[in-house]
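# Results of the structural survey
Chain by chain, the residues run as shown.
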Amino acid sequence: MTTRRAHRARRTVRSAALVAVAAAAAFSLTACGGGDDGAAGAEKKDSASAAHSNGDGGAANDAKAGTGKAGSDVVSDSAKAASPDRTQKLADGSTAKIYKLGEQNYRADIVSDGEVVGDLKANGGDAGLDANGMYVVLTLDGKVQSWMGGEHQGPGTFKVAGGWTVKVTKVGDLHYRADVIGNEGAVEGTLEANQHDDGAVANGVYIVLSAGGVVSAHE
């Protein structure tokens, strides 16, 4: 199974403002946890790949105050005026307004109390965001998954949802790397959060790594 190219998400959400910087990393995963149907098993060898790329500005990133990347810091007036293709309630009670911008190109605005407080853009790859303890992934086909809890503060090695083992390493200031380790002990993929959050979908397991070193996963 393929884990899509992952874009870091930028957040406007109430945090410290950060500069949008992209980091690229190939993502190939062998599942030790279940796919979308929740199945898990030691024999799963599905591999997946996801690369992180620069969003030309970042989606729920900073123009704002937060970490993450994927989209642009300024949403155009025309984009703001456009009607979303659909809306979806998020885990913290806010709302995601999802816009289809093109083939495998979506933006999700996070709206709270009538204000856009963050946005993610998935253009050819998934986008992830740590929005002050709510974790959000926008997939390249426009699906949104959000959850709260399950976080681990790196550096360290942690068991996460889906049976994955994730080793979080501090590379520098607001720069963390998470190696995803398969059931045979090999590094099967990497997320890179360099001043921006990173996210991916791996065999039905949603993973977010923040630039502050927090990792969380959800099935």
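This one's a predicted model, so the numbers in the text were calculated from it and none came from an experiment. (Residues numbered from 1 in each chain as written. Predicted model: local features only at pLDDT ≥ 70, side-chain atom pairs only at ≥ 80, totals over all residues. Heavy atoms only, no water.)

### With respect to the side chain of serine 94
Where we set the bar: Only runs of H or I of at least four residues qualify as helices and only runs of E of at least two qualify as strands under DSSP, and these elements are numbered from the N terminus. Contacts described as polar in this section are N or O atom pairs within 3.5 Å, which, within protein, must combine one atom able to donate a hydrogen with one able to accept it, while residues neighboring in sequence count only if both atoms come from side chains. Whether two residues are in contact is decided by their heavy atoms, any of which lying within 4.5 Å being enough.
Note on placement: serine 94 falls in the loop between strand E4 (86-89) and strand E5 (95-102). Here the side chain of serine 94 touches aspartate 92 through a polar contact of 2.5 Å, side chain to side chain. Apart from the residues lying within four places of it in its own chain, the contact partners of serine 94 are Gln88, Lys89, Ile110, Val111, Ser112 and Met134.

### Notes on the environment of serine 210
Let me state the cut-off plainly: The buried label goes to any residue with under 20% of its type's maximum accessible area, the exposed label to any with over 50%, and the partly exposed label to all in between, with areas taken from a 1.4 Å probe on protein chains only.
Looking at the secondary structure, you find serine 210 in the loop between strand E17 (205-209) and strand E18 (214-218). Given the relative accessible area of 3%, serine 210 is considered buried. A sequence separation of 75 residues divides serine 210 from tyrosine 135, and the C-alpha atoms of the two residues are 9.5 Å apart.

### Some remarks on the pairing of strand E7 (residues 115-123)
Filter applied, for reference: Should DSSP find at least two bridges between two strands, the strands are taken to pair.
As judged from the eight bridges shared by strand E6 (residues 105-112) and E7, these two strands associate in the antiparallel manner. Residue pairing across strands places serine 112 opposite glutamate 115, the latter belonging to E7. Joining the antiparallel neighbours E6 and E7 is a turn of two residues, in which aspartate 113 adopts a positive phi near 55°.

Bear in mind that shape data such as this cannot, by itself, settle questions of function.
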